[in-house]
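# Examination of the molecular architecture
Here is how the chains run, residue by residue.
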Amino acid sequence: SAGVLKGDLIIKGGGDPSLGSTLVRGGLPMEEVFARWLKALSEKGVKIIQGDIVADNTLFEGPAIPGSWPWEDAGNYYAAPADGLSINDNLYQLVFAPALRVGEPAMVLRMEPEVPGLVFENHMLTGTAEAGDNGYIYNVPGSFRAATRGSLPAGAREFAIKGALPEPALFAAQAFAGFLKKSGVVVSGKARLAALPVSIDDTKVLVRSEAAPLRDIVRLTNKRSFNLYAEMLSRAVALSQGKPGSVAGGTGAVRDFLRSAGGSVEGVRLEDACGLSRLNMVTAR
């Protein structure tokens, strides 16, 4: 009414791994996705939001990553949490300035994009130029206090490593709220996660962001060995079969497929969809 949205603005996640990704063929970067959402608001004349920016990521259930993933992997981009509302491949870049001498600390310069509230205990060192990237980010989903350890190669003015967003859906809401404010839209509330699933009233849907074609998502999953996409696809398959969109639901869906294809699942242990867990096992037979 009169340019004012009296209530919360909801971003409801549909399990699309490609939202805001520039890696998948034809994908739109996060800022362009936000621009399309803003256009839909502008067409309704909205200039003030008297409410919160709410991210609904309740499509998936349970832990965002399997409990058997190694601590050294958790926090890095290839162990990004599978979230019902994922964006920007659920990652950020952490940019360092390696020291001039081997063995001296590498300094943290910035995050790209900035993740609100995320802080680092930095133990990163400078290694030899030949050693390459041996840097790790230690963190788990939901935690905003991470640690960096390992070494980065000397010789570069800046060197970036990729980390996993601790709360992808919350970041999506925070980033969009910031985008709105920069674009002149007043937001009186805060960015937050939905406590319960938000039902969809089609009369109030402003815009839908469709996923990239499934063939392109699958191609990227296999060609780049993209762990996040494998985890999210397994949950999507589970949901399509009436199973929970969870780690267990996804691995159950894979086992069901193996059975339906005439394969034996005797002697097969599946702990995830991507293969990062060292508890995945299959007999040589």
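Above this note sits the structure.
Quick summary incoming for the structure in this document. Starting afresh in each chain, residues are numbered from 1 along the sequence in its written order. Given that the model is predicted, a residue must reach a pLDDT of at least 70 before its local features are reported, and side-chain atom pairs must reach 80 or more before they are shown or counted; all residues, however, enter totals for whole chains, interfaces and linings. Only hydrogens and water are set aside when side-chain values are computed; all heavy atoms of the structure are taken into account.

A cis amide bond links Glu112 to the next residue, Pro113, at an omega of -10°. With respect to the helices, strands and loops of the structure, Pro113 is situated in the loop between strand 6 (107-112) and strand 7 (119-122). For Asn90, which is not glycine, the phi torsion reads 55° and is therefore positive. Following the sequence through the fold, Asn90 ends up in the loop between strand 4 (53-56) and strand 5 (91-97). Relative accessibility under 20% of the residue-type maximum defines a buried residue, over 50% an exposed one, and the middle range a partly exposed one, all with a 1.4 Å probe and only protein chains included. Classification of Asn90 by relative accessible area gives buried; the value is 0%. Every helix listed is a DSSP run of H or I at least four residues long, and every strand listed is a run of E at least two residues long, numbered separately from the N terminus.

Turning our attention to the pattern of salt bridges. Whenever a carboxyl oxygen of Asp or Glu lies within 4 Å of a side-chain nitrogen of Lys or Arg, that contact is scored as a salt bridge. Applying the stated criterion across every chain, the model contains 13 salt bridges. For Lys243, the salt bridge is made with Asp256, and the minimal N-O distance between the two is 2.5 Å. Here Lys243, found in the loop between helix 4 (227-240) and helix 5 (247-260), pairs with Asp256, found in helix 5; they are 13 residues apart in sequence, far enough to count as distant. With a closest N to O distance of 2.9 Å, Arg269 and Glu271 form a salt bridge. On the basis of relative accessibility, which here comes to 36%, the residue Arg269 falls in the partly exposed class. On the basis of relative accessibility, which here comes to 24%, the residue Glu271 falls in the partly exposed class. A single salt-bridge network, built from bridges that share partners, covers Arg110, Glu112, Arg157 and Glu158.

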